[in-house]
Amino acid sequence: MKTDIFKEETKEIIWLSIFTKLINIPYILLISYTLSELTSLSMDGDIANILHYGIFFIGAIVIYSVLNIGLHIKYQKEVFRQKQKCKRKLYEMFLNKKLSDLNKISSGNVIENFSDDFETYISAIVEMKPLLWVSVIIMMLLSFFLFRINVLLILIIFLLAMLQLIPPVISRKYMQVNYDNCREMEEEITNFILTAFSGFVTIRIYDMKKWWMEKLKKLQKKYEHIGNISIFTTELEGMMYDLLHKILEYGTYCIIGAMILSSIISFKEGISAIVLAKYVYIYLKNVERSISQLAECRKAEERLKNNCFDKRAEENTNSFEVDISDLSYSYEERIFDYIDWKTEDSRKYMIMGENGNGKTTLLKLIVGMLEPQYGQIRIGGVRPENLSRSNFPEKIFYMAQDDPDFNMSARELIEFFGGKENRASIWRRLKEFGIMETELNRPFNQLSGGEKKKIFLSLALSHTHELLLMDEPTNHLDLYGKKVLLKLLKEYRGTVIIISHDSLIEETVDEIWMLRDGKLQKNEKR
(Lines give C-alpha, C1' and ligand atoms only; values in the text may rest on other atoms or scores of the structure.)
Protein backbone atom coordinates (compact mmCIF):
# COMPACT_ATOMS: atom_id res chain seq x y z
CA MET A 1 0.00 0.00 0.00
CA LYS A 2 1.30 3.44 -0.87
CA THR A 3 1.57 5.79 2.08
CA ASP A 4 3.07 8.82 0.34
CA ILE A 5 0.54 11.41 1.51
CA PHE A 6 2.13 11.95 4.93
CA LYS A 7 5.41 10.11 4.38
CA GLU A 8 7.69 12.80 5.81
CA GLU A 9 5.40 13.62 8.75
CA THR A 10 5.04 9.99 9.89
CA LYS A 11 8.52 8.60 9.22
CA GLU A 12 9.83 9.13 12.78
CA ILE A 13 6.59 7.90 14.39
CA ILE A 14 6.73 4.62 12.45
CA TRP A 15 10.20 3.81 13.77
CA LEU A 16 9.20 4.81 17.31
CA SER A 17 6.09 2.62 16.99
CA ILE A 18 8.19 -0.34 15.85
CA PHE A 19 10.63 0.13 18.75
CA THR A 20 7.85 0.33 21.37
CA LYS A 21 6.46 -2.97 20.06
CA LEU A 22 9.78 -4.78 19.70
CA ILE A 23 10.48 -4.19 23.40
CA ASN A 24 7.91 -6.94 24.05
CA ILE A 25 10.32 -9.60 22.72
CA PRO A 26 12.67 -9.75 25.77
CA TYR A 27 9.62 -9.49 28.05
CA ILE A 28 7.93 -12.54 26.45
CA LEU A 29 11.13 -14.61 26.54
CA LEU A 30 11.76 -13.57 30.14
CA ILE A 31 8.27 -14.65 31.23
CA SER A 32 8.64 -17.97 29.42
CA TYR A 33 12.04 -18.72 30.95
CA THR A 34 11.26 -17.47 34.49
CA LEU A 35 7.89 -19.25 34.83
CA SER A 36 9.37 -22.55 33.64
CA GLU A 37 12.23 -22.17 36.13
CA LEU A 38 9.90 -21.21 38.99
CA THR A 39 7.61 -24.16 38.26
CA SER A 40 10.56 -26.54 38.11
CA LEU A 41 11.98 -25.17 41.38
CA SER A 42 8.56 -25.50 43.02
CA MET A 43 8.43 -29.16 42.03
CA ASP A 44 11.87 -29.62 43.60
CA GLY A 45 10.93 -27.67 46.76
CA ASP A 46 13.88 -25.25 46.30
CA ILE A 47 12.50 -22.31 48.31
CA ALA A 48 15.71 -20.24 48.31
CA ASN A 49 16.00 -20.20 44.53
CA ILE A 50 12.24 -19.62 44.20
CA LEU A 51 12.64 -16.39 46.21
CA HIS A 52 15.73 -15.46 44.15
CA TYR A 53 13.95 -15.96 40.83
CA GLY A 54 10.77 -14.37 42.17
CA ILE A 55 12.55 -11.15 43.19
CA PHE A 56 14.40 -11.10 39.87
CA PHE A 57 11.13 -11.65 37.98
CA ILE A 58 9.24 -8.87 39.83
CA GLY A 59 12.16 -6.45 39.41
CA ALA A 60 12.36 -7.19 35.69
CA ILE A 61 8.61 -6.61 35.28
CA VAL A 62 8.82 -3.27 37.13
CA ILE A 63 11.74 -2.11 34.94
CA TYR A 64 9.91 -3.24 31.79
CA SER A 65 6.67 -1.51 32.87
CA VAL A 66 8.41 1.80 33.64
CA LEU A 67 10.32 1.70 30.34
CA ASN A 68 7.19 0.71 28.42
CA ILE A 69 5.10 3.50 29.98
CA GLY A 70 7.82 6.06 29.21
CA LEU A 71 8.08 4.93 25.59
CA HIS A 72 4.31 4.93 25.12
CA ILE A 73 3.99 8.44 26.56
CA LYS A 74 6.69 9.66 24.18
CA TYR A 75 5.04 7.78 21.32
CA GLN A 76 1.55 9.19 22.01
CA LYS A 77 2.91 12.75 22.33
CA GLU A 78 4.74 12.40 19.02
CA VAL A 79 1.66 10.91 17.34
CA PHE A 80 -0.48 13.82 18.58
CA ARG A 81 2.07 16.40 17.38
CA GLN A 82 2.50 14.85 13.95
CA LYS A 83 -1.27 14.32 13.55
CA GLN A 84 -1.75 18.09 13.78
CA LYS A 85 0.88 18.61 11.07
CA CYS A 86 -0.81 16.00 8.90
CA LYS A 87 -4.20 17.66 9.38
CA ARG A 88 -2.79 21.04 8.39
CA LYS A 89 -1.32 19.44 5.28
CA LEU A 90 -4.68 17.77 4.55
CA TYR A 91 -6.55 21.10 4.85
CA GLU A 92 -3.97 22.77 2.61
CA MET A 93 -4.37 20.07 -0.05
CA PHE A 94 -8.15 20.33 0.23
CA LEU A 95 -8.13 24.11 -0.23
CA ASN A 96 -5.90 23.71 -3.29
CA LYS A 97 -8.59 21.76 -5.15
CA LYS A 98 -10.29 23.39 -8.09
CA LEU A 99 -13.29 25.57 -7.30
CA SER A 100 -15.81 23.29 -9.02
CA ASP A 101 -14.77 20.36 -6.79
CA LEU A 102 -14.92 22.45 -3.61
CA ASN A 103 -18.33 23.77 -4.63
CA LYS A 104 -19.95 20.34 -4.99
CA ILE A 105 -18.49 18.56 -1.94
CA SER A 106 -21.06 18.13 0.85
CA SER A 107 -20.21 19.25 4.39
CA GLY A 108 -21.14 15.82 5.80
CA ASN A 109 -18.76 14.12 3.37
CA VAL A 110 -15.90 16.46 4.34
CA ILE A 111 -16.52 15.94 8.08
CA GLU A 112 -16.53 12.15 7.68
CA ASN A 113 -13.45 12.38 5.46
CA PHE A 114 -11.47 14.64 7.79
CA SER A 115 -12.36 12.67 10.92
CA ASP A 116 -13.10 8.99 10.27
CA ASP A 117 -11.01 8.47 7.11
CA PHE A 118 -8.12 10.56 8.42
CA GLU A 119 -8.00 8.62 11.71
CA THR A 120 -8.25 5.27 9.87
CA TYR A 121 -5.45 6.24 7.50
CA ILE A 122 -3.08 7.63 10.16
CA SER A 123 -3.77 4.66 12.45
CA ALA A 124 -2.85 2.27 9.64
CA ILE A 125 0.40 4.10 8.93
CA VAL A 126 1.67 4.62 12.49
CA GLU A 127 0.04 1.65 14.26
CA MET A 128 -1.23 -1.17 12.05
CA LYS A 129 1.65 -1.36 9.59
CA PRO A 130 4.35 -1.43 12.32
CA LEU A 131 2.18 -3.92 14.26
CA LEU A 132 2.08 -6.21 11.21
CA TRP A 133 5.87 -6.10 10.78
CA VAL A 134 6.59 -6.63 14.49
CA SER A 135 3.97 -9.41 14.81
CA VAL A 136 5.58 -11.35 11.95
CA ILE A 137 9.05 -10.89 13.49
CA ILE A 138 7.88 -12.02 16.94
CA MET A 139 6.00 -15.02 15.50
CA MET A 140 9.13 -16.12 13.64
CA LEU A 141 11.17 -15.77 16.83
CA LEU A 142 8.59 -17.68 18.93
CA SER A 143 8.47 -20.37 16.23
CA PHE A 144 12.22 -20.80 16.53
CA PHE A 145 12.01 -21.37 20.31
CA LEU A 146 9.04 -23.74 19.95
CA PHE A 147 10.90 -25.59 17.19
CA ARG A 148 13.79 -26.14 19.63
CA ILE A 149 11.36 -27.72 22.08
CA ASN A 150 9.57 -30.01 19.61
CA VAL A 151 8.73 -29.93 15.87
CA LEU A 152 5.33 -31.61 16.35
CA LEU A 153 4.44 -29.06 19.04
CA ILE A 154 4.93 -26.06 16.74
CA LEU A 155 2.77 -27.65 14.03
CA ILE A 156 -0.06 -28.30 16.51
CA ILE A 157 0.11 -24.77 17.98
CA PHE A 158 0.01 -23.15 14.53
CA LEU A 159 -2.94 -25.31 13.50
CA LEU A 160 -4.77 -24.20 16.64
CA ALA A 161 -3.79 -20.56 16.00
CA MET A 162 -5.27 -20.73 12.49
CA LEU A 163 -8.72 -21.27 14.04
CA GLN A 164 -8.67 -17.55 14.88
CA LEU A 165 -9.14 -16.78 11.19
CA ILE A 166 -12.64 -18.30 11.19
CA PRO A 167 -14.59 -15.36 12.81
CA PRO A 168 -13.26 -12.63 10.48
CA VAL A 169 -13.76 -14.84 7.40
CA ILE A 170 -17.42 -15.34 8.37
CA SER A 171 -18.21 -11.77 9.44
CA ARG A 172 -15.87 -9.59 7.33
CA LYS A 173 -18.21 -9.25 4.34
CA TYR A 174 -21.16 -8.20 6.50
CA MET A 175 -19.00 -5.92 8.65
CA GLN A 176 -17.78 -4.03 5.55
CA VAL A 177 -21.27 -3.60 4.10
CA ASN A 178 -22.57 -2.33 7.46
CA TYR A 179 -19.60 0.03 7.80
CA ASP A 180 -20.22 1.54 4.36
CA ASN A 181 -23.96 1.88 5.06
CA CYS A 182 -23.28 3.53 8.44
CA ARG A 183 -20.89 6.01 6.81
CA GLU A 184 -23.50 7.01 4.22
CA MET A 185 -26.17 7.51 6.89
CA GLU A 186 -23.80 9.47 9.15
CA GLU A 187 -22.99 11.76 6.22
CA GLU A 188 -26.70 12.27 5.44
CA ILE A 189 -27.58 13.02 9.08
CA THR A 190 -24.57 15.35 9.45
CA ASN A 191 -25.60 17.30 6.34
CA PHE A 192 -29.16 17.60 7.65
CA ILE A 193 -28.04 18.86 11.08
CA LEU A 194 -25.48 21.27 9.61
CA THR A 195 -28.22 22.78 7.44
CA ALA A 196 -30.29 23.34 10.57
CA PHE A 197 -27.38 25.05 12.38
CA SER A 198 -27.59 27.88 9.86
CA GLY A 199 -31.39 28.00 10.11
CA PHE A 200 -32.47 27.30 13.71
CA VAL A 201 -33.95 30.78 14.00
CA THR A 202 -35.89 30.27 10.74
CA ILE A 203 -37.18 26.89 11.99
CA ARG A 204 -38.38 28.55 15.20
CA ILE A 205 -39.93 31.67 13.63
CA TYR A 206 -41.89 29.75 10.99
CA ASP A 207 -42.87 26.98 13.42
CA MET A 208 -41.07 24.31 11.34
CA LYS A 209 -39.89 22.40 14.42
CA LYS A 210 -42.37 19.54 13.92
CA TRP A 211 -41.30 19.08 10.28
CA TRP A 212 -37.61 19.18 11.19
CA MET A 213 -37.96 16.73 14.10
CA GLU A 214 -40.01 14.31 11.97
CA LYS A 215 -37.38 14.40 9.23
CA LEU A 216 -34.60 13.81 11.77
CA LYS A 217 -36.60 10.96 13.33
CA LYS A 218 -36.92 9.22 9.93
CA LEU A 219 -33.19 9.52 9.28
CA GLN A 220 -32.36 8.21 12.76
CA LYS A 221 -34.84 5.33 12.35
CA LYS A 222 -33.06 4.30 9.16
CA TYR A 223 -29.68 4.67 10.90
CA GLU A 224 -30.94 2.63 13.87
CA HIS A 225 -31.88 -0.26 11.57
CA ILE A 226 -28.41 -0.28 9.99
CA GLY A 227 -26.81 0.12 13.44
CA ASN A 228 -28.71 -2.87 14.85
CA ILE A 229 -27.36 -5.09 12.06
CA SER A 230 -23.86 -3.76 12.73
CA ILE A 231 -24.20 -4.43 16.49
CA PHE A 232 -25.43 -7.98 15.85
CA THR A 233 -22.51 -8.71 13.49
CA THR A 234 -19.95 -7.24 15.90
CA GLU A 235 -21.36 -9.12 18.89
CA LEU A 236 -21.46 -12.38 16.91
CA GLU A 237 -17.81 -11.95 15.93
CA GLY A 238 -16.95 -11.18 19.58
CA MET A 239 -18.76 -14.32 20.79
CA MET A 240 -16.88 -16.47 18.26
CA TYR A 241 -13.58 -14.98 19.42
CA ASP A 242 -14.45 -15.67 23.10
CA LEU A 243 -15.33 -19.29 22.28
CA LEU A 244 -12.14 -19.76 20.28
CA HIS A 245 -10.07 -18.20 23.07
CA LYS A 246 -11.34 -20.84 25.50
CA ILE A 247 -10.77 -23.63 22.96
CA LEU A 248 -7.21 -22.42 22.35
CA GLU A 249 -6.43 -21.96 26.04
CA TYR A 250 -7.75 -25.29 27.31
CA GLY A 251 -6.82 -27.13 24.13
CA THR A 252 -3.21 -25.98 24.55
CA TYR A 253 -3.19 -27.16 28.19
CA CYS A 254 -4.55 -30.56 27.20
CA ILE A 255 -2.19 -31.10 24.25
CA ILE A 256 0.94 -29.97 26.12
CA GLY A 257 -0.16 -31.93 29.20
CA ALA A 258 -0.56 -35.07 27.05
CA MET A 259 2.89 -34.50 25.52
CA ILE A 260 4.43 -34.17 29.00
CA LEU A 261 2.72 -37.35 30.21
CA SER A 262 3.90 -39.14 27.05
CA SER A 263 7.46 -37.93 27.77
CA ILE A 264 7.61 -36.20 24.38
CA ILE A 265 8.64 -32.98 26.16
CA SER A 266 9.73 -32.24 29.72
CA PHE A 267 7.57 -30.54 32.32
CA LYS A 268 9.83 -27.47 32.21
CA GLU A 269 9.59 -27.32 28.41
CA GLY A 270 5.81 -27.68 28.64
CA ILE A 271 5.45 -24.63 30.89
CA SER A 272 7.66 -22.60 28.56
CA ALA A 273 5.65 -23.83 25.55
CA ILE A 274 2.32 -22.77 27.15
CA VAL A 275 3.62 -19.21 27.57
CA LEU A 276 5.06 -19.07 24.04
CA ALA A 277 1.88 -20.55 22.54
CA LYS A 278 -0.22 -17.84 24.21
CA TYR A 279 1.80 -15.14 22.43
CA VAL A 280 1.73 -17.02 19.11
CA TYR A 281 -2.07 -16.83 19.28
CA ILE A 282 -1.96 -13.12 20.20
CA TYR A 283 0.43 -12.13 17.42
CA LEU A 284 -1.26 -14.22 14.73
CA LYS A 285 -4.50 -12.43 15.62
CA ASN A 286 -2.58 -9.14 15.38
CA VAL A 287 -1.43 -10.11 11.87
CA GLU A 288 -5.02 -10.79 10.78
CA ARG A 289 -6.27 -7.57 12.41
CA SER A 290 -3.49 -5.50 10.82
CA ILE A 291 -4.14 -6.89 7.33
CA SER A 292 -7.86 -6.20 7.73
CA GLN A 293 -7.24 -2.63 8.93
CA LEU A 294 -4.73 -1.98 6.14
CA ALA A 295 -7.34 -3.13 3.61
CA GLU A 296 -9.80 -0.62 5.09
CA CYS A 297 -7.03 1.97 5.05
CA ARG A 298 -6.72 1.62 1.27
CA LYS A 299 -10.37 2.65 0.93
CA ALA A 300 -9.89 5.54 3.37
CA GLU A 301 -6.79 6.62 1.46
CA GLU A 302 -8.72 6.54 -1.81
CA ARG A 303 -11.49 8.68 -0.33
CA LEU A 304 -8.93 11.14 1.06
CA LYS A 305 -7.22 11.39 -2.31
CA ASN A 306 -10.53 11.87 -4.14
CA ASN A 307 -11.59 14.64 -1.75
CA CYS A 308 -8.26 16.35 -1.16
CA PHE A 309 -5.94 15.78 -4.12
CA ASP A 310 -6.00 17.96 -7.19
CA LYS A 311 -4.30 16.31 -10.17
CA ARG A 312 -4.99 19.10 -12.65
CA ALA A 313 -2.18 21.14 -14.16
CA GLU A 314 -2.64 24.82 -13.31
CA GLU A 315 -2.30 27.32 -16.13
CA ASN A 316 -1.53 31.03 -16.27
CA THR A 317 -2.89 33.52 -18.77
CA ASN A 318 -2.00 37.04 -19.88
CA SER A 319 -5.49 37.78 -21.15
CA PHE A 320 -8.69 37.78 -19.11
CA GLU A 321 -11.26 38.03 -21.89
CA VAL A 322 -14.18 35.65 -21.31
CA ASP A 323 -15.05 33.51 -24.33
CA ILE A 324 -18.20 31.33 -24.12
CA SER A 325 -19.17 29.01 -26.97
CA ASP A 326 -22.08 26.54 -27.31
CA LEU A 327 -22.65 26.62 -23.55
CA SER A 328 -25.46 24.42 -22.23
CA TYR A 329 -26.27 23.67 -18.60
CA SER A 330 -29.15 21.94 -16.87
CA TYR A 331 -30.46 21.24 -13.41
CA GLU A 332 -33.82 19.50 -13.74
CA GLU A 333 -34.51 21.60 -16.82
CA ARG A 334 -32.10 23.21 -19.27
CA ILE A 335 -31.31 26.82 -18.31
CA PHE A 336 -28.74 27.61 -21.03
CA ASP A 337 -29.33 26.69 -24.64
CA TYR A 338 -26.05 26.86 -26.61
CA ILE A 339 -24.95 30.31 -25.48
CA ASP A 340 -22.20 32.19 -27.34
CA TRP A 341 -20.77 35.28 -25.67
CA LYS A 342 -17.47 37.14 -25.49
CA THR A 343 -16.12 40.05 -23.45
CA GLU A 344 -13.53 42.66 -24.31
CA ASP A 345 -10.90 44.06 -21.97
CA SER A 346 -11.80 47.07 -19.80
CA ARG A 347 -15.51 46.99 -20.64
CA LYS A 348 -18.38 46.72 -18.19
CA TYR A 349 -21.25 44.29 -18.75
CA MET A 350 -24.59 43.98 -16.98
CA ILE A 351 -26.60 40.75 -17.20
CA MET A 352 -30.28 40.96 -16.32
CA GLY A 353 -33.05 38.39 -16.21
CA GLU A 354 -35.88 36.97 -14.14
CA ASN A 355 -35.22 34.95 -10.99
CA GLY A 356 -34.22 31.35 -11.71
CA ASN A 357 -33.05 32.07 -15.27
CA GLY A 358 -29.48 31.08 -14.45
CA LYS A 359 -27.67 34.40 -13.96
CA THR A 360 -25.81 33.27 -10.82
CA THR A 361 -25.12 29.89 -12.43
CA LEU A 362 -23.52 31.68 -15.40
CA LEU A 363 -21.25 33.68 -13.09
CA LYS A 364 -20.26 30.49 -11.21
CA LEU A 365 -19.41 28.83 -14.53
CA ILE A 366 -17.22 31.79 -15.51
CA VAL A 367 -15.34 31.80 -12.21
CA GLY A 368 -14.91 27.98 -12.30
CA MET A 369 -17.20 26.96 -9.41
CA LEU A 370 -19.24 24.92 -11.89
CA GLU A 371 -18.06 23.10 -15.00
CA PRO A 372 -19.95 23.25 -18.33
CA GLN A 373 -22.02 20.19 -19.17
CA TYR A 374 -21.73 21.03 -22.86
CA GLY A 375 -19.75 23.64 -24.73
CA GLN A 376 -16.86 25.54 -23.25
CA ILE A 377 -15.77 28.64 -21.36
CA ARG A 378 -12.29 30.11 -21.67
CA ILE A 379 -10.62 32.99 -19.84
CA GLY A 380 -7.68 34.05 -21.95
CA GLY A 381 -7.79 30.64 -23.64
CA VAL A 382 -7.74 28.72 -20.31
CA ARG A 383 -10.62 26.77 -18.77
CA PRO A 384 -11.65 28.60 -15.56
CA GLU A 385 -11.22 25.47 -13.39
CA ASN A 386 -7.60 25.16 -14.58
CA LEU A 387 -6.59 28.75 -13.85
CA SER A 388 -3.70 29.13 -11.42
CA ARG A 389 -4.72 29.84 -7.82
CA SER A 390 -2.45 32.91 -7.92
CA ASN A 391 -5.10 34.68 -10.04
CA PHE A 392 -7.53 34.81 -7.10
CA PRO A 393 -8.37 37.37 -5.78
CA GLU A 394 -5.63 39.66 -7.11
CA LYS A 395 -6.49 39.39 -10.83
CA ILE A 396 -9.95 37.79 -10.67
CA PHE A 397 -12.27 38.99 -7.90
CA TYR A 398 -15.60 37.27 -7.40
CA MET A 399 -18.33 38.84 -5.25
CA ALA A 400 -21.02 36.30 -4.46
CA GLN A 401 -24.65 37.31 -3.97
CA ASP A 402 -24.49 36.38 -0.28
CA ASP A 403 -21.45 37.71 1.55
CA PRO A 404 -19.56 34.92 3.35
CA ASP A 405 -19.06 34.98 7.13
CA PHE A 406 -15.57 34.88 8.58
CA ASN A 407 -14.53 34.11 12.13
CA MET A 408 -12.37 37.23 12.37
CA SER A 409 -12.80 40.95 12.84
CA ALA A 410 -13.50 43.16 9.86
CA ARG A 411 -10.09 44.81 10.42
CA GLU A 412 -8.31 41.44 10.25
CA LEU A 413 -10.20 40.59 7.07
CA ILE A 414 -9.13 43.85 5.45
CA GLU A 415 -5.49 43.44 6.49
CA PHE A 416 -5.46 39.85 5.22
CA PHE A 417 -7.02 40.62 1.83
CA GLY A 418 -5.50 43.99 1.24
CA GLY A 419 -1.78 43.55 1.52
CA LYS A 420 0.46 46.55 2.21
CA GLU A 421 0.23 47.94 -1.32
CA ASN A 422 -3.62 48.05 -1.38
CA ARG A 423 -4.39 48.83 2.26
CA ALA A 424 -4.44 52.64 1.85
CA SER A 425 -6.79 52.34 -1.12
CA ILE A 426 -9.12 50.03 0.83
CA TRP A 427 -9.27 52.52 3.72
CA ARG A 428 -10.24 55.28 1.29
CA ARG A 429 -13.06 53.16 -0.11
CA LEU A 430 -14.29 52.30 3.39
CA LYS A 431 -14.46 56.00 4.29
CA GLU A 432 -16.36 56.71 1.08
CA PHE A 433 -18.93 54.05 2.06
CA GLY A 434 -19.17 55.56 5.53
CA ILE A 435 -17.72 52.59 7.46
CA MET A 436 -16.57 53.79 10.89
CA GLU A 437 -13.36 52.67 12.66
CA THR A 438 -15.36 51.19 15.56
CA GLU A 439 -17.26 48.87 13.19
CA LEU A 440 -14.02 47.30 11.96
CA ASN A 441 -13.15 45.91 15.40
CA ARG A 442 -16.36 43.90 15.60
CA PRO A 443 -16.45 40.24 14.46
CA PHE A 444 -17.32 40.17 10.77
CA ASN A 445 -20.20 37.73 11.29
CA GLN A 446 -21.85 40.22 13.69
CA LEU A 447 -22.02 43.04 11.14
CA SER A 448 -25.24 43.90 9.31
CA GLY A 449 -25.78 42.78 5.72
CA GLY A 450 -25.18 46.34 4.48
CA GLU A 451 -21.94 46.71 6.44
CA LYS A 452 -20.61 43.40 5.12
CA LYS A 453 -21.53 44.40 1.57
CA LYS A 454 -19.73 47.75 1.88
CA ILE A 455 -16.58 46.08 3.19
CA PHE A 456 -16.53 43.58 0.31
CA LEU A 457 -17.20 46.34 -2.21
CA SER A 458 -14.27 48.26 -0.74
CA LEU A 459 -12.05 45.21 -1.23
CA ALA A 460 -13.34 44.66 -4.76
CA LEU A 461 -12.99 48.27 -5.89
CA SER A 462 -9.79 49.22 -4.04
CA HIS A 463 -7.75 48.60 -7.17
CA THR A 464 -8.32 47.48 -10.76
CA HIS A 465 -8.57 43.70 -11.17
CA GLU A 466 -8.23 42.09 -14.58
CA LEU A 467 -11.72 40.63 -14.18
CA LEU A 468 -14.33 41.64 -11.59
CA LEU A 469 -17.43 39.46 -11.22
CA MET A 470 -20.27 40.87 -9.10
CA ASP A 471 -23.54 39.10 -8.23
CA GLU A 472 -26.25 41.55 -7.09
CA PRO A 473 -23.80 44.11 -5.62
CA THR A 474 -26.62 46.47 -4.52
CA ASN A 475 -28.18 43.85 -2.21
CA HIS A 476 -28.44 45.17 1.39
CA LEU A 477 -27.11 48.61 0.38
CA ASP A 478 -28.87 51.78 1.52
CA LEU A 479 -29.38 54.66 -0.90
CA TYR A 480 -26.10 56.34 0.12
CA GLY A 481 -24.20 53.08 -0.40
CA LYS A 482 -25.71 52.67 -3.87
CA LYS A 483 -24.64 56.19 -4.86
CA VAL A 484 -21.05 55.49 -3.75
CA LEU A 485 -21.08 52.16 -5.64
CA LEU A 486 -22.28 53.86 -8.85
CA LYS A 487 -19.55 56.50 -8.56
CA LEU A 488 -16.81 53.89 -8.03
CA LEU A 489 -18.06 51.70 -10.88
CA LYS A 490 -17.96 54.65 -13.26
CA GLU A 491 -14.34 55.30 -12.25
CA TYR A 492 -13.35 51.62 -12.49
CA ARG A 493 -11.14 50.79 -15.51
CA GLY A 494 -11.07 46.98 -15.53
CA THR A 495 -13.42 44.39 -17.05
CA VAL A 496 -16.59 43.98 -14.98
CA ILE A 497 -19.48 41.52 -15.29
CA ILE A 498 -22.40 42.45 -13.06
CA ILE A 499 -25.52 40.41 -12.34
CA SER A 500 -28.25 42.77 -11.18
CA HIS A 501 -31.95 43.64 -11.26
CA ASP A 502 -31.20 47.21 -10.18
CA SER A 503 -31.78 49.69 -13.02
CA LEU A 504 -29.35 52.14 -11.33
CA ILE A 505 -26.46 49.91 -12.48
CA GLU A 506 -27.36 50.48 -16.15
CA GLU A 507 -25.74 53.94 -16.24
CA THR A 508 -22.36 52.53 -15.15
CA VAL A 509 -21.94 49.81 -17.80
CA ASP A 510 -21.05 49.71 -21.49
CA GLU A 511 -23.37 46.85 -22.48
CA ILE A 512 -26.58 45.34 -21.10
CA TRP A 513 -27.50 41.71 -21.79
CA MET A 514 -30.72 39.86 -21.03
CA LEU A 515 -30.78 36.17 -20.09
CA ARG A 516 -34.15 34.83 -21.20
CA ASP A 517 -35.38 31.36 -22.29
CA GLY A 518 -31.85 29.94 -22.20
CA LYS A 519 -30.45 32.63 -24.52
CA LEU A 520 -28.22 35.62 -23.79
CA GLN A 521 -29.38 38.58 -25.85
CA LYS A 522 -28.02 42.11 -26.06
CA ASN A 523 -30.32 44.94 -24.95
CA GLU A 524 -30.06 48.54 -26.01
CA LYS A 525 -29.17 50.99 -23.24
CA ARG A 526 -31.91 53.40 -22.29
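Up top is the structure.
Residues numbered from 1 in each chain as written. Predicted model: local features only at pLDDT ≥ 70, side-chain atom pairs only at ≥ 80, totals over all residues. Heavy atoms only, no water.

Draft legend 1. Structural detail: the packing of aromatic side chains. According to the stated counting rule, one finds eleven aromatic pairs in the structure shown. Centroid distance Trp341 to Trp513: 5.9 Å. Interplanar angle 75°. Geometry classified as edge-to-face. Taken together, the residues Trp341 in strand β2 (residues 334-342) and Trp513 in strand β8 (residues 511-516) connect sequence positions 172 residues apart. Members of the aromatic cluster, connected to one another through ring pairs, are Phe6, Phe118 and Tyr121. Positioned over the ring face of Tyr241 is Lys285, at 4.1 Å from the centre of the ring. (Phe/Tyr/Trp six-rings, centres within 6.5 Å; stacked < 30°, edge-to-face > 60°. Helix = DSSP H or I, 4+ residues; strand = E, 2+ residues; numbered from the N terminus. Lys NZ or Arg CZ within 6 Å of the ring centre and 35° of its normal.)

Draft legend 2. Spotlight on helix α1 (residues 7-22). The end-to-end C-alpha distance of α1, which contains 16 residues, comes to 22 Å, matching closely the 22 Å that a straight helix rising 1.5 Å per residue would cover. Residues of α1 that are buried include every one of Glu9, Thr10, Ile13, Ile14, Leu16, Ser17, Ile18, Thr20 and Lys21, and no others. (Expected span 1.5 Å × (residues − 1). Buried < 20%, exposed > 50% of the residue type's maximum accessible area, 1.4 Å probe, protein only.)

Draft legend 3. Broad picture of the pairing of strand β7 (residues 495-499). A large share of β7 lies buried, amounting to five of its five residues. Sheet analysis places strand β3 (residues 348-352) next to β7, joined by four bridges and oriented parallel. From the neighbouring strand, Tyr349 faces β7, where its bridge partner is Ile497. Of the pairings in the sheet, the one linking strand β6 (residues 467-471) to β7 comprises five bridges and is parallel in character. Counterpart to Leu468 in the pairing with β7 is Val496. In terms of handedness, the path from β6 via helix α15 (residues 479-491) over to β7 forms a crossover that is right-handed. (Pairing = 2+ DSSP bridges. Right-handed = clockwise from strand over helix to strand, strands pointing away.)

Draft legend 4. Broad picture of the sheet that holds β2. Ordered by their spatial adjacency, three strands build an open sheet running β2-β1-β4, and the pairing between neighbours is antiparallel. Because the sheet does not close on itself, it has two edges, and the strands there are β2 and β4 (374-379). Across the sheet, the mean angle separating the axes of adjacent strands is 20° when strand polarity is ignored. Note: strand β1 (residues 322-330) against β2, five bridges, orientation antiparallel. Across the sheet, the residue bridging to Asp323 is Lys342, located in β2. Along the sheet, helix α11 (residues 359-367) contacts β1, β2 and β4; its crossing angle with β1, the most-contacted strand, is approximately 125°. (Axes fitted to C-alpha atoms, helices over the stretch in contact; angles between N-to-C directions. Contact = heavy atoms within 4.5 Å.)

Draft legend 5. Summary view of the pairing of β6. Among the five residues in β6, five count as buried, and that is most of the element. Covered by surrounding structure in β6 are Leu467, Leu469 and Asp471 together with Leu468 and Met470, the residues of both alternating faces. One ladder, built from four bridges, connects strand β5 (residues 396-399) with β6; its direction is parallel. The partner of Ile396 across the bridge, within β6, is Leu467.

Draft legend 6. Geometry of the side chain of Asn391. With respect to the helices and strands, Asn391 occurs in the loop between β4 and β5. Each residue touching Asn391, except ones within four places of it in the same chain, is listed here: Glu315, Asn316, Phe320 and Ile396.

Draft legend 7. Spotlight on the side chain of Glu9. As for its placement among the helices and strands, Glu9 is situated in helix α1. On the basis of relative accessibility, which here comes to 13%, the residue Glu9 falls in the buried class. Not counting residues within four places of it along the chain, the set of residues in contact with Glu9 comprises Gln82, Lys85, Cys86 and Lys89.

Draft legend 8. Seen up close, the pattern of salt bridges. Following the criterion strictly, the structure yields 21 salt bridges and no others. A salt bridge links Arg303 to Asp117; its shortest N-O distance comes to 2.9 Å. Here the residue Arg303 occupies a position in helix α10 (residues 267-308), and Asp117 occupies one in helix α5 (residues 107-149), the gap between them amounting to 186 residues. Residue classification places Asp117 among the buried residues on the basis of a relative accessible area of 0%. Across the pair Arg389 and Glu314 runs a salt bridge, and its minimum N-O distance is 2.5 Å. Placement of Arg389 in the loop between β4 and β5 and of Glu314 in the loop between α10 and β1 is noted, with a sequence separation of 75 residues between them. Classification of Arg389 by relative accessible area gives partly exposed; the value is 38%. Within this structure, Lys98, Glu371, Arg383 and Glu385 form a network of salt bridges that share partners. (Salt bridge = Lys/Arg side-chain N within 4 Å of Asp/Glu carboxyl O.)

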